[in-house]
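# Chains, contacts and geometry: an overview
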Amino acid sequence: MTHVVALVGNPNVGKSVIFNSLTGGKAWVGNWPGVTVEKKVGRYRFLGREFEVVDLPGIYGLSAFSVDERIARDFIVEGRPDVVLNIVNASNLGKDLYLTVSLLEAGAKLVIALNMMDLAEDRGIEIDVQGLRRILGVPVVPTIATKGVGLEALRRAILSVAESKGVPKFRIGYGRDVERAIDEIKAILAGTPLEERYPLRWLAIRLLEGDPDYLQRVREALGEEACERIRGIKEDLSRRLGADPEDAIVERRHAVVMDVVSRVVRTARRPSFTMTEVLDYVVTHKIFGIPILLTMLYFAFRIAFDLTAPLVDAIDWLFSDYLSGLAEAHIGSEWLRSLVSDGILNGLGTLLVFLPNIAFFFLLLSAMEDLGYMTRVAFIMDKIMYRLGLSGKSIIPIILGVGCNVPAILATRNIEDERDRKVTAMVLPLVPCSARLPIFLLFSAAFFSSFRGAVIASMYVISIGVIALVANLFRRTAFRGPTTGFIMEMPPYMVPSIRNVLMKTWIRTRKFLEKAGTVIFGSVIVIWIMSVTGPSGYIGPGAFEDPSLMAKSWVAWMGMKLEPLLRPLGWDWRLAAALIYGFLAKEVVVSTLSLAFGKGGVALMRELSSMLLPHQAFAFMVFSLTYVPCIPTIAAIRSELGTKYAILTVLYQMALAYLLALLVVALGGLVF
Amino acid sequence: MRLRSILATLLGVAYLTLALTSLLNWAADRWGGGPVLGSLGPLPAPSSLGLFIPLFTVGILYASSYYYWRSGPRLEFHAILLVASILSLSLSILELLLGFAEFLDHLVKVGLFGSAGGFDPGVFAELEIPLGLLSIPILRVSLRELRSLRGS
Amino acid sequence: MIKGARRLPLAFLGEGREGVVVEVRGGPGFQRRLADVGIYPGSRVRVVRSTGRGPVMVEVLATKEACKGCPFRTLCPSASSSYRISLGFGTAMRVLVEEA
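Residues numbered from 1 in each chain as written. Chains lettered and ligands numbered in written order. Predicted model: local features only at pLDDT ≥ 70, side-chain atom pairs only at ≥ 80, totals over all residues. Heavy atoms only, no water.

## With respect to the overall build of chain C
Going by this rule: A helix here means a DSSP run of H or I that spans at least four residues, while a strand means a run of E at least two residues long, and both kinds are numbered starting from the N terminus. Partly exposed residues are those whose accessible area sits between 20% and 50% of the maximum for their type, while under 20% is buried and over 50% is exposed, using a 1.4 Å probe and protein chains only. Whether two residues are in contact is decided by their heavy atoms: any pair within 4.5 Å suffices. For the accessible areas, the method is Shrake-Rupley and the probe is 1.4 Å, while residue cover comes only from the protein chains on display.
Helix and strand content of chain C: three helices and six strands. Listing every helix and strand of chain C by position from the N terminus yields β-β-α-β-β-α-β-α-β. For chain C, the residues scored as buried account for 60% of the 100 residues in total. Relative to all contacts within chain C whose residues are 6 or more apart in sequence, the contacts with residues 24 or more apart total 66%. By element, 54% of the accessible surface of chain C is carried by carbon and sulfur atoms, the whole surface being about 4200 Å².

Here's what the structure looks like:
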């Protein structure tokens, strides 16, 4: 029999590290039913038993005001997992125990992982673990997940709770008036079908807290009359307390938490400050904050794009020299040889050379996340982002978007304000993702060799400008109104665990590789077929050698249909065809170009630079930056915001890209 | 304490000068022909827009530490020195690694592609590298100082 | 009004100052979201960073209620159970505090 273990905790308590350590990092990723919040499930074996670990979203309480909290609450209360593993930051008990107490009230079979014990120790905090165990009545295991400390004990505790029958007896006394109201509601609910589904006391408290979901459930099960009675009890209580019962309950819960903390926490030597305070003083400083942020970005870009040069060149050699040489020498059939060498190796090789850039970029991003720096970035940027028409929290999806727009759009869920969230999701496709990088790298190397770095950087600058423009436009028209701003926890700085950083990097990079192996591999073959055939029939692989033959192919036919529209920009049908295929995935643009020109690498660059003027090439880069999102991104916007917004995004981007490219060509025409 | 402050301020001035040189050289290279300052003593002068960012950041941190030493509490002074020295040391380690990467890239190009291109060992002598090493004592002292401040 | 106490939005409480939250202006969802991170009438906060018309970083301290009869007069655990939260300018304007 498999035991189900639900992993729950506040954000930033090391939940993902514990998930990875328990399951060895192997996870099935899906979505929770009905919503696009990621659901991660992993498995492990311990002493002959099977365990299934379900990672719940990071939450603060069970109040269910956000989708994340509703998912977690429903899974814990209705899914009835065998064990709920609550991860708690030991250096931050005052805040984290609120969730713990809420879970205990909901009747969860709890195991507490008291994580980040090293950090607590560093802050001079001593925790009476035995005392905490006694007060809460559940196993408490001290851990340091990043170093693998306490995981064995954690597995044991999970096993023993999974195989025990008892439910924890922890209970908060809310005072005479509230208790009487709880008893009255319990009396209404007792003996109804609801009694089997929920712990009655907990349900009564939820109703007093005015949880609309549960009021609805009572209405469904017992009818309107029961609801009226409960509302009456609540109003009665309200009068007696002279305050909202909801506030009284939340406040009491916080007070109980503080009481528990004061009983189990001993500050042996109280340090006058922590390292986090020291670093925050400089990192979030009014003057130094932004230069430091720019420096971090500078480091990240130099590492991702310059430090990887030998790897990039080695991969280039592998595809363009070694493998295609093998194909030329050993494949007899002409068309098969062309498929392998002109199609697959050429198309995929042009793309895979950028693998080191992408992997290193993800590595740095993961490291900065685990370090705790990303939340500081949101803090520093909030004021600026506000002027751009966004919120500080938008910066995290935007930075993620530099890797790939799809997870970035899912990450907008963390933005509470609905308008901020919509605007952020709709401008995210303007963030140059790593798939567009190959286009920039190719064109900047071909046309702007001496200052290609500055040209690539200019793409990011233009992207910021365009985002500001569009976001402000949206803010002033369709999404007018005040924002609620953001609420965000600042976790303490921590030395990232290498294992966790590598795992995150691998998961993110794997998506790129999977895409290269499926969508892009498929597209390359389709484009190859469309290159060797045309409206007149089979042309043959000669098309890749002879441009006049290529002009008879389907690729050319499609590009030519679009050419009149793009002629003012100075682009021919091959560039047009590349842009059409870029709709599948932006990576395909470069692959299509190398197929359409029958060349890759340096030869392709030479061909391009003889055909276009620098400003026309720059216009192409700007167009690729801003034109339609790729299909997976459109799908993500559709599932997050709905079809209407997805269509709106596609339309505004097409118009924007065309106008910007025209602008670049017109301005460039004055110079060249 | 006094000596440390002087060293940090001097480093600040050095980094800011280097940042300005880098920016001017880059601009002159782009629009006005040759670089303004070809070399600083025996070492080549930087000429890059990107490099201006970390040089300026480290420079402004070190230079403003003087202000904190004069007026602010000691904690802030050491906090600034800590971050400045971490950044400057990271910069010199990065530059060293980039030098190695360039060398490896050269080997790849010659060995695999058979191209002739040369490798300039000057990349190992860029000014940021020795300057970053000067930050090591500052890093060590500020860490020690912060630790002793905490204990008290 | 208590003598000497000033009532003002959290956004205007200066850096390094402490205050007690007296009111959170907004709907139940907004109030709950803030209560989840420990900001509700009665909680004590200290401003770590304030950026003018930008976000505010605060340290949430232990509540007064918990301090009643606390055995640690000299070694207060609240110093160690404090944590940091950032609030956007708009949010910080809707949290009213009384300066302590």
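Having seen it, we continue.
## Some details on the interface of chain B and chain A
To keep it simple, the criterion reads: Joining two parts hides part of their accessible area as seen by a 1.4 Å probe, and the buried area is that hidden amount summed over both. Put simply, a salt bridge is a Lys or Arg side-chain nitrogen that is within 4 Å of an Asp or Glu carboxyl oxygen. Two N or O atoms count as a polar contact when they lie within 3.5 Å, although within protein this holds only if one can serve as hydrogen donor and the other as acceptor, and sequence-adjacent residues are included solely when both atoms are side-chain atoms. Polar here means any residue other than Ala, Val, Leu, Ile, Met, Phe, Trp, Tyr, Cys and Pro, which are nonpolar, and Asp, Glu, Lys and Arg, which are charged; Gly is therefore polar.
With 35 residues of chain B in contact, the opposing surface of chain A contributes 34 residues. Both faces combined, the contact of chain B with chain A buries some 3000 Å², and carbon together with sulfur accounts for 77% of it. Summed over the shared surface of chain B and chain A, the result is zero salt bridges. On the surface where chain B and chain A come into contact, there are four residue pairs in polar contact (both at pLDDT 80 or more). Of all elements in the fold, only α2 (49–70), α3 (74–113) and α4 (128–151) of chain B reach the threshold of two or more residues within the side of chain B that touches chain A. It is α3(B) that contributes the most residues to the side of chain B that touches chain A, 20 residues altogether. A breakdown of the residues in the side of chain B that touches chain A according to their chemical character gives 24 nonpolar, five polar and six charged.

## Structural notes on the nonpolar core
Here is the rule we go by: Put simply, buried Ala, Val, Leu, Ile, Met, Phe, Trp, Tyr and Cys residues joined by side-chain atoms within 4.5 Å make one nonpolar core.
One finds A:Ile292, A:Tyr373, A:Phe443, A:Trp571, B:Leu61 and B:Tyr62 to be the most contacted residues of the largest nonpolar core, which totals 144 residues. Counting residues per element, this core draws most heavily on α3(B), which supplies twelve residues. Residues contacting A:Tyr373, with those up to four places away along its chain left out, are A:Val283, A:Ile292, A:Leu293, A:Met296, A:Met368, A:Ile380 and A:Tyr493. Within the second largest apolar cluster, 72 residues are counted, among which are A:Ala108, A:Ile182, A:Ala204 and A:Val265.

## What to know about the sheet that holds strand β3 (residues 44–50) of chain C
Sheets are built from strands that pair by backbone hydrogen bonding, the pairs being arranged parallel or antiparallel. Note the cut-off: When DSSP finds at least two bridges between two strands, those strands are taken to pair. Note on geometry: axes are lines fitted to C-alpha atoms, helical ones only across the stretch in contact, with angles between N-to-C directions running from 0 to 180 degrees.
The antiparallel open sheet is built from seven strands, whose spatial order is β10(A)-β5(C)-β4(C)-β3(C)-β2(C)-β6(C)-β1(C). Across the chains shown, the open sheet's two edge strands, defined by having one partner strand only, are β10 (487–490) of chain A together with β1 (7–9) of chain C. This sheet shows a mean twist of 40 degrees between the axes of neighbouring strands, independent of strand direction. Looking at chain direction, strand β2 (residues 18–24) of chain C and β3(C) are connected through three bridges and run antiparallel. Following the sheet pairing, C:Glu18 is matched in β3(C) by C:Arg46.

## What about the pairing of β2(C)?
Sheet analysis places β2(C) next to strand β6 (residues 95–99) of chain C, joined by five bridges and oriented antiparallel. For C:Gly19, the partnering residue across the bridge sits in β6(C) and is C:Glu99.

## Concerning the confidence of the model for chain C
Detailed reading of predicted coordinates is not advised where the pLDDT is low. Residue and element names in this part refer to chain C. For clarity, the threshold we go by: Confidence of the predictor in every single residue is expressed as pLDDT, which spans 0 to 100.
Of all residues in chain C, 74% have pLDDT values of 70 or greater, and the mean over the chain is 75. Looking at the elements of chain C, mean pLDDT is at its lowest for helix α2 (residues 64–67), recorded as 47, and at its highest for β6, recorded as 90. Counting interchain partners and residues more than four positions distant, the pLDDT-below-50 stretch residues 64–81 has 26 contacts.

## Some thoughts on a nonpolar patch on the surface
All names here are of chain A. Heads up, the rule is: Without a salt bridge and with relative accessible area above 30%, a residue can belong to a patch; like charges are then joined within 9 Å and nonpolar side chains (Val, Leu, Ile, Met, Phe, Trp, Tyr) within 5 Å.
On the surface, Ile290, Leu294, Leu297 and Ile384 cluster together to form a nonpolar patch covering roughly 270 Å² of accessible area. Here the nonpolar patch gets three residues from one element, more than from any other, and that element is helix α14 (residues 289–305). With respect to the element layout, leucine 297 can be found in helix α14. Owing to a relative accessible area of 34%, leucine 297 belongs among the partly exposed residues under this scheme.

## Notes on the arrangement of the chains
There are two pairs of chains in contact here, and the one with the most contacts is chains A and C. Nothing in chain B touches chain C, and the closest approach of their C-alpha atoms is 14 Å.

## What to know about the packing of aromatic side chains
The geometry of two aromatic rings is summed up by the distance between their centres and the angle between their planes. For clarity, the threshold we go by: Each aromatic pair joins two rings of Phe, Tyr and Trp (for Trp, the six-membered one) with centres within 6.5 Å, and gets the label stacked for planes under 30 degrees apart, edge-to-face for over 60, and tilted for any other angle. Both a distance and an angle decide whether a charge sits over a ring: NZ of Lys or CZ of Arg must be within 6 Å of the ring centre and within 35 degrees of the ring normal.
Going through the model one piece at a time under the given rule, you end up with 21 aromatic pairs over all chains. Aromatic pair A:Tyr281 and B:Tyr68: ring centres 6.3 Å apart, planes at 85 degrees, arrangement edge-to-face. On the criterion of chain membership, the pair formed by A:Tyr281 in helix α13 (residues 275–283) and B:Tyr68 in helix α2 is interchain, its members lying in two chains. Among the residues examined, B:Tyr68 registers a relative accessible area of 9% and is labelled buried. Of the aromatic side chains, those joined through ring pairs into one cluster are A:Phe443, A:Phe447, A:Phe448, A:Trp571, A:Phe618, A:Phe620, A:Phe623 and A:Tyr627. Stacked on the ring of A:Tyr214, the Lys or Arg A:Arg217 has its end atom at 4.6 Å from the ring centre. In this structure, C:Arg94 is placed above the aromatic ring of C:Phe30, and the distance from its NZ or CZ to the ring centre is 4.1 Å.

## Thoughts on the pattern of salt bridges
Applying the stated criterion across every chain, the model contains 44 salt bridges over all chains. The shortest N-O distance in the salt bridge between A:Arg240 and A:Asp236 comes to 3.2 Å. Placement of the pair is A:Arg240 and A:Asp236 together in helix α11 (residues 224–241), with a separation of four residues, close to one helical turn. By relative accessible area, which is 32% here, A:Asp236 ends up partly exposed. For B:Lys109, the salt bridge is made with B:Asp105, and the minimal N-O distance between the two is 3.5 Å. With B:Lys109 and B:Asp105 both in helix α3, this residue pair falls four residues apart, about one helical turn. Residue B:Lys109 is classed as partly exposed on the basis of its relative accessible area, which comes to 36%. B:Asp105 gets classed as buried once you look at its relative accessible area, which sits at 11%. Because the salt bridges share partners, they merge into one network encompassing A:Arg70, A:Arg73, A:Asp74, A:Glu78, A:Glu105, A:Arg206, A:Glu209, A:Asp211, A:Asp213, A:Arg217 and A:Arg253.

## Let's talk about unusual backbone geometry
All names here are of chain A. One non-glycine residue with positive phi stands out, namely arginine 80, at about 40 degrees. Within the element layout of this structure, arginine 80 appears in the loop between α2 (67–77) and β5 (83–89). Judged by its relative accessible area of 48%, arginine 80 falls in the partly exposed class. Even without a glycine there, the phi angle at methionine 116 is positive, about 60 degrees. Here methionine 116 is to be found in the loop between β6 (110–115) and α4 (117–122).

## Topic: the packing of helix α31 (residues 631–641) of chain A against helix α32 (residues 643–671) of chain A
All names here are of chain A. Test applied: To sort the angles, those under 35 degrees are grouped as roughly parallel, those over 145 as roughly antiparallel, those from 65 to 115 as roughly perpendicular, and the leftovers as oblique. Two helices that cross are described as forming a left-handed crossing if the nearer one is turned anticlockwise from the farther one by less than a right angle, and a right-handed crossing if clockwise.
Interaxial distance between α31 and α32 falls to 7 Å at its minimum, and their mutual angle equals 140 degrees. Compared by their axis directions, α31 and α32 come out oblique. Remark: the crossing between α31 and α32 carries right-handed chirality. Of α32, the residues touching α31 (which contributes Ile634, Ile637, Arg638 and Leu641) are Thr643, Tyr645, Ala646, Thr649 and Val650. In the contact of α31 with α32, the residues fall into six nonpolar, two polar and one charged.

## Side note on the environment of A:Arg263
Residue and element names in this part refer to chain A. Tracing the backbone through its elements, the reader meets arginine 263 in helix α12 (residues 245–264). Note on arginine 263: relative accessible area 45%, which makes it partly exposed. Considering only alpha carbons, one finds arginine 263 and aspartate 128, 135 residues apart in sequence, at a separation of 8.3 Å.

## Topic: the side chain of B:Thr57
On the secondary structure map, B:Thr57 appears in helix α2. On the basis of relative accessibility, which here comes to 1%, the residue B:Thr57 falls in the buried class. Beyond its immediate stretch of four places on either side in the chain, B:Thr57 contacts A:Pro291, A:Ile292, A:Thr295 and B:Leu87.

## Here's the deal with the packing of helix α1 (residues 15–23) of chain A against helix α6 (residues 151–162) of chain A
Residues and elements named next belong to chain A. Contact pair α1 / α6: the axes reach a minimum separation of 11 Å and the direction vectors enclose 80 degrees. One way to sum up the angle between α1 and α6 is to call them roughly perpendicular. Judged by residue contacts, Ile18, Ser21 and Leu22 of α1 engage Leu151, Leu154, Arg155 and Ile158 from α6. Of the residues contributing to the contact of α1 with α6, the split by class is five nonpolar, one polar and one charged.

## Focus on helix α26 (residues 554–566) of chain A
Residue and element names in this part refer to chain A. Heads up, the condition is: The span one expects for a helix is its residue count, reduced by one, times 1.5 Å. Fitting one axis to the seven residues ending at a residue and another to the seven starting there, the bend at that residue is the angle between the two axes.
Here α26 is 13 residues long and its end C-alpha atoms lie 18 Å apart, about the 18 Å a rise of 1.5 Å per residue gives. The largest bend in α26 amounts to roughly 35 degrees and is located at methionine 560, with the proline proline 564 lying one to four residues further along. Every buried residue of α26 is accounted for by Val555, Ala556, Gly559, Glu563 and Leu566.

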